[in-house]
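Each chain, written out:
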Amino acid sequence: MSSIESVIQSGYFNDTLREWQCQNTYITSSNLMYPIFILDDEDIKEEIKSMPGIFRQGLKHLKASLDPVVESGLKSLLIFGVINRLPKDEHGTHADSPENPVIQALPLLKQWYPNLTIACDVCLCSYTTYGHCGIIENKYIDNEKSIKRLGEIALSYAIAGADIVAPSCMMDGTVKSIKQKLLEGGLLSRVAVLSYAAKYCSSFYGPFRDAANCAPSFSNRASYQLPVGSSSLAERIVDRDVTECCDMLMVKPAMMYLDIVSKIKNKYPNRPLFVYQVSGEYAMIHHAVQAGVYTLKNGLLEILKSMRRAGADVVVSYYTPEILAWLKHSSPL
Ligand code: PBG
Ligand code: ZN
């Protein structure tokens with residue numbers, strides 16, 4: 001016979017009791033941010049080969065693609081600009097020129113969806129000839145020039161209507177440089193800075209580099225993205241970005257870095273914590289479903305709940321439309 005002290009199942013024997021054990025791991029529409037790729041060629045909509053079901057599209061297709069997702073309850077969007085026709089150069093001129101697809105899309109998105117919160121990725125890799133996230137001088141990143149340029153780009157997106165600017169570049173001092181620019185532009189209190197503070201040098205970004213046409217033309221991103229085995233280094237960067245007054249924090253990729261998520265959430269419970277379920281995670285789940293390992297709903301919900309359990313407040317996921325469709329029938333998940 002079981003002893004009184006040994007029995008724990010008495011706390012979760014029916015559905016309601018099981019729910020009580022999971023309060024902080026619910027998934028609602030506020031826990032999701034949807035990343036999209038906007039092309040400089042307004043007529044084109046093309047599927048990304050390494051990310052089946054995900055598209056890059058020009059302005060003309062945007063509304064038809066987003067209407068159903070917004071209708072399902074989408075709260076926030078993360079936009080990436082991709083240039084095919086515009087030229088790239090050493091300075092990333094088209095990151096914030098009037099022809100930049102993000103600059104062009106922002107006023108339209110704000111007009112179509114006034115209640116949608118819009119975040120813009122801030123980086124140089126899609127706009128520079130050499131495909132690095134900062135400005136290169138003599139084969140190396142010039143940190144001062146990089147953060148000055150990234151500050152300008154962030155301010156341009158803010159002026160065009162972004163609610164959040166999200167620097168993914170991993171240049172030292174970017175948050176401060178952006179906050180300073182927002183102050184000068186009179187937008188400090190109306191635009192949030194989401195720092196990709198703990199961004200690892202991951203092999204899970206491969207499909208994204210196809211999508212955003214941003215692979216480095218020489219070397220790799222190891223001089224600025226974190227070594228996979230590091231942990232306290234992520235903590236130092238988070239400490240630095242909190243000191244520079246970032247509004248929100250991010251860990252990226254998501255699934256393999258939940259120890260980092262947990263550590264950061266415990267240290268900074270007052271900062272909303274994002275995790276980015278990156279392109280390689282999307283592809284991995286997609287192929288597992290194709291192979292019959294699990295259904296999308298069962299597999300993905302287990303992964304999302306694990307992220308919430310580790311301490312993530314918001315998951316950036318390419319699967320957001322599917323999750324919102326499930327939420328229509330039962331909310332929260
Ligand atoms: C580039 C950037 C990357 C991602 C977002 N911004 C790739 C990289 O750093 O090489 C990855 C997103 C994904 O894989 O879904 N600044
Ligand atoms: Zn970049």
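Everything in this summary refers to the structure shown in the same document. (Residues numbered from 1 in each chain as written. Chains lettered and ligands numbered in written order. Predicted model: local features only at pLDDT ≥ 70, side-chain atom pairs only at ≥ 80, totals over all residues. Heavy atoms only, no water.)

Structural notes on the overall build of the chain
Within the chain, the secondary structure is distributed over 11 helices and 12 strands. Over its C-alpha trace the chain gives a radius of gyration of 20 Å, about what one expects of a compact globule, namely 20 Å for 333 residues. Counting only C-alpha atoms, the chain reaches 75 × 45 × 40 Å along its principal axes. Within the chain, the proportion of its 333 residues that are buried is 54%. Residue pairs at least 24 apart in sequence account for 76% of intrachain contacts in the chain once pairs closer than 6 positions are excluded. Carbon and sulfur atoms make up 53% of the accessible area of the chain, which totals about 15100 Å². Each charge sign in the chain was given a centre, from 33 positive and 34 negative side chains, and these centres are 2 Å apart. (Helix = DSSP H or I, 4+ residues; strand = E, 2+ residues; numbered from the N terminus. Rg over C-alpha atoms; globule rule 2.2 N^0.38 Å. Buried < 20%, exposed > 50% of the residue type's maximum accessible area, 1.4 Å probe, protein only. Contact = heavy atoms within 4.5 Å. Areas by Shrake-Rupley, 256 points an atom, 1.4 Å probe, with all protein chains shown as cover. Lys, Arg positive; Asp, Glu negative; His and termini not counted. Charge placed at Lys NZ, Arg CZ, Asp CG, Glu CD.)

Focus on the nonpolar core
Counting residues in each nonpolar core, the largest one holds 117 residues, and the members touching the most others are Ile 79, Tyr 157, Tyr 276 and Ile 323. With eight residues, the single largest contributor to this core is helix H4 (residues 143-160). (Core = buried A, V, L, I, M, F, W, Y, C linked by side-chain atoms within 4.5 Å.)

Overview of the site of ligand 1
Neighbouring ligand 1 are 17 residues, the closest being Lys 199, Arg 209, Lys 252, Ser 279 and Tyr 318. Here Arg 221 contributes a side-chain N or O atom positioned 2.8 Å from an oxygen atom of ligand 1. Gln 225 places a side-chain nitrogen or oxygen 2.8 Å from an oxygen atom of ligand 1. Out of a free accessible area of 400 Å², ligand 1 has 100% covered by protein chains. (Near = heavy atom within 4 Å. Polar contact = N/O pair within 3.5 Å; in protein donor to acceptor, adjacent residues only side chain to side chain.)

Brief notes about the coordination of the zinc ion (ligand 2)
Expected angles at a metal are 109.5 degrees for tetrahedral coordination by four donors and either 90 or 180 degrees for octahedral coordination by six donors. The protein atoms donating to the zinc ion (ligand 2) are Cys 123 (SG), Cys 125 (SG) and Cys 133 (SG), with metal-donor distances spanning 2.2 to 2.3 Å. Relative to the metal, the four donor atoms surrounding the zinc ion (ligand 2) lie at angles of 97 to 119°, and the coordination shape comes out tetrahedral. Sequence positions of the residues that donate to the zinc ion (ligand 2) give the spacing C-x1-C-x7-C. Each member of the pair, Cys 125 as well as Cys 133, is classed as buried. (Donors = N, O, S within 2.8 Å, 3.2 Å for Na, K, Ca; no water. Tetrahedral: all angles 85-135°; square planar, octahedral: opposite > 155°, others 65-115°.)

Re the packing of helix H10 (residues 296-310) against helix H11 (residues 320-329)
At a minimum axis distance of 12 Å, the contact between H10 and H11 shows a crossing angle of 100°. One finds that H10 runs roughly perpendicular with respect to H11. For the pair formed by H10 and H11, the contact residues are Leu 296, Lys 297, Leu 300, Leu 301 and Leu 304 on the first element and Glu 322, Ile 323 and Trp 326 on the second. Counted by class, the contact of H10 with H11 contains six nonpolar, no polar and two charged residues. (Axes fitted to C-alpha atoms, helices over the stretch in contact; angles between N-to-C directions. Parallel < 35°, antiparallel > 145°, perpendicular 65-115°, else oblique. Nonpolar A, V, L, I, M, F, W, Y, C, P; charged D, E, K, R; others polar.)

Here's the deal with the packing of helix H3 (residues 101-112) against H4
Between H3 and H4, the least distance of the axes is 8 Å, while the angle of their chain directions is 25°. Classified by the angle their axes make, H3 and H4 are roughly parallel. Seen from above, H3 lies across H4 with right-handed handedness. Here Val 102, Ile 103, Leu 106 and Pro 107 of H3 lie close against H4, whose contacting residues are Ser 156, Tyr 157 and Ala 160. When the residues that make up the contact of H3 with H4 are grouped by side-chain class, the tally is six nonpolar, one polar and no charged. (Left-handed = near helix turned anticlockwise from the far one by under 90°.)

Here's the deal with the side chain of His 94
Position of His 94 among the secondary structure elements: in the loop between strand S4 (76-82) and H3. A residue is classified by how much of its surface remains accessible, and His 94, at 11% relative accessible area, is buried. When neighbours within four sequence positions are excluded, His 94 is seen to be in contact with Ile 83, Leu 86, Pro 87, Glu 99, Asn 100 and Tyr 127.

Some points on the pairing of strand S11 (residues 273-277)
With five of five residues buried, S11 lies mostly within the body of the structure. Burial along S11 is two-sided: the residues Leu 273, Val 275 and Gln 277 and Phe 274 and Tyr 276 are all buried. At this point the chain moves from strand S10 (residues 248-252), through helix H8 (residues 258-267), to the parallel S11, and the crossover so formed is right-handed. Where S11 lies against strand S12 (residues 314-317), four bridges are found, and the strand directions are parallel. Paired with Tyr 276 across the bridge in S12 is Val 316. (Right-handed = clockwise from strand over helix to strand, strands pointing away. Pairing = 2+ DSSP bridges.)

What to know about the pattern of salt bridges
Using the criterion set out here, one finds 18 salt bridges in the structure. The shortest N-O distance in the salt bridge between Lys 145 and Glu 137 comes to 2.9 Å. Relative accessible area serves as the criterion here: at 42%, Lys 145 is assigned to the partly exposed category. A salt bridge links Lys 179 to Asp 247, with the shortest nitrogen-to-oxygen separation between them at 2.7 Å. Residue Lys 179 is located in helix H5 (residues 174-184), and its partner Asp 247 is located in the loop between helix H7 (232-243) and S10; the two are separated by 68 residues in the primary sequence. Sharing partners across several salt bridges, the network here consists of Asp 96, Lys 148, Arg 149 and Glu 152. (Salt bridge = Lys/Arg side-chain N within 4 Å of Asp/Glu carboxyl O.)

A look at the packing of aromatic side chains
Under the criterion given, the structure shown has 10 aromatic pairs. An angle of 45° between the planes, with centres 6.4 Å apart, marks the rings of Tyr 196 and Tyr 276 as tilted. Here the residue Tyr 196 occupies a position in strand S9 (residues 192-199), and Tyr 276 occupies one in strand S11, the gap between them amounting to 80 residues. Under the relative-accessibility criterion, Tyr 276 is labelled buried at 1%. One aromatic cluster in this structure is built from Phe 37, Phe 80, Tyr 196, Phe 208, Tyr 276, Tyr 282, Tyr 318 and Tyr 319. Between the NZ or CZ atom of Lys 252 and the centre of the ring of Tyr 276, over which it lies, the distance is 4.8 Å. (Phe/Tyr/Trp six-rings, centres within 6.5 Å; stacked < 30°, edge-to-face > 60°. Lys NZ or Arg CZ within 6 Å of the ring centre and 35° of its normal.)

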